[in-house]
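Structural overview for review
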Amino acid sequence: MKQRQKHKLADTAQQIVGGFLLAGPFVVTQEVWLLAQNMTVYHSLFLVVAIMAIGYGGLYGADNDRDPRTEAAVAGIPVRFISVMIVAFGSVGMLAFSITAPDLFLSELDPRARLLVTFRALSVAAVFSVVGAVTTDSLF
């Protein structure tokens, strides 16, 4: 039986660099926040599924040398994939809140509505973040 490959901290660090690199321009773009205001929960759920598909496909479909069955896993889910999802959504969330984007772009909304629109905006920007995270993970 083949030993499972461990996910290293360096792998996550590469994902973080790529995730932040591509997420930055979209978190600070007013159009993303306007799109989020017009989205519904269903749009956000669709984007989350798309982000997961992009992440999984980028990690395991685009890289023939990587096999999810031989990697370290939690409850059957590869740690590398979990890491990419955390980086994709986490980098966008950290950027949005650290630069106070919700306060700037959604100042006219009450706090509850602002939070809901923020989550929708995070799902939009995470599409780009996951591409960056997967790309850097696969390249390096």
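Conventions adopted
Residues numbered from 1 in each chain as written. Predicted model: local features only at pLDDT ≥ 70, side-chain atom pairs only at ≥ 80, totals over all residues. Heavy atoms only, no water. UniProt positions renumbered as here; feature names shortened; annotations may be inferred. Helix = DSSP H or I, 4+ residues; strand = E, 2+ residues; numbered from the N terminus. Buried < 20%, exposed > 50% of the residue type's maximum accessible area, 1.4 Å probe, protein only. Polar contact = N/O pair within 3.5 Å; in protein donor to acceptor, adjacent residues only side chain to side chain. Expected span 1.5 Å × (residues − 1). Contact = heavy atoms within 4.5 Å. Salt bridge = Lys/Arg side-chain N within 4 Å of Asp/Glu carboxyl O. Axes fitted to C-alpha atoms, helices over the stretch in contact; angles between N-to-C directions. Parallel < 35°, antiparallel > 145°, perpendicular 65-115°, else oblique. Left-handed = near helix turned anticlockwise from the far one by under 90°. Nonpolar A, V, L, I, M, F, W, Y, C, P; charged D, E, K, R; others polar.

1. Focus: the UniProt feature "transmembrane region" (unreviewed entry) in the protein
Taking the numbering used here, the UniProt-annotated feature "transmembrane region" (unreviewed entry) corresponds to residues 12–35, 41–60, 81–101 and 113–134. Along residues 12–35 one finds 92% helix and 0% strand; the C-alpha atoms at either end are 30 Å apart. End C-alpha atoms of residues 81–101 are separated by 28 Å, and the span's content is 90% helix alongside 0% strand.

2. Quick notes on the side chain of R80
Considering the arrangement of structural elements, one finds R80 in helix 4 (residues 79–98). Exposure remark for R80: the relative accessible area of 8% places this residue in the buried category. A polar atom in the side chain of R80 sits 3.4 Å from the side chain of D11.

3. Observations concerning unusual backbone geometry
The residue A75 is not glycine, and still its phi comes out positive at about 55°. Mapped onto the secondary structure, A75 falls in the loop between strand 1 (73–74) and strand 2 (77–78). When its relative accessible area of 79% is taken as the criterion, A75 is described as exposed. Not every positive phi belongs to a glycine, and T100 is a case in point at roughly 55°.

4. Structural notes on helix 1 (residues 9–27)
Each full turn of the α-helix corresponds to 3.6 residues, which orients residues three or four apart in the same direction. Here helix 1 spans 26 Å end to end across 19 residues, near enough to the 27 Å set by a 1.5 Å rise per residue. Residues of helix 1 that are buried include every one of D11, T12, Q15, G18, G19, A23 and V27, and no others. Each element contacted by the buried residues of helix 1 is listed here: helix 2 (30–38), helix 4, helix 5 (101–105) and helix 6 (111–139).

5. Here we look at the pattern of salt bridges
Under the definition given, this model contains four salt bridges. Of the charged contacts, one joins R80 and D11 as a salt bridge, the two residues approaching to 3.4 Å between their closest N and O atoms. Of this pair, R80 sits in helix 4 while D11 is found in helix 1, placing the two residues 69 residues apart along the sequence. Judged by its relative accessible area of 13%, D11 is buried. Among the salt bridges present, the one from R114 reaches D103, with a minimum N-O distance of 3.0 Å. A residue pair is termed long-range when its members are at least 10 positions apart, and R114 in helix 6 and D103 in helix 5 qualify at 11 residues. One continuous salt-bridge network, built from bridges that share partners, spans D11, E71, R80 and D137.

6. Digging into the packing of helix 3 (residues 41–61) against helix 4
Contact pair helix 3 / helix 4: the axes reach a minimum separation of 10 Å and the direction vectors enclose 130°. One way to sum up the angle between helix 3 and helix 4 is to call them oblique. Of the two elements, helix 3 crosses helix 4, and the hand of that crossing is right-handed. Between helix 3 and helix 4, the residues in contact are V48, I51, M52, G55, Y56, L59 and Y60 and R80, F81, V84, M85 and F89, respectively. Broken down by class, the residue content of the contact of helix 3 with helix 4 amounts to 10 nonpolar, one polar and one charged.

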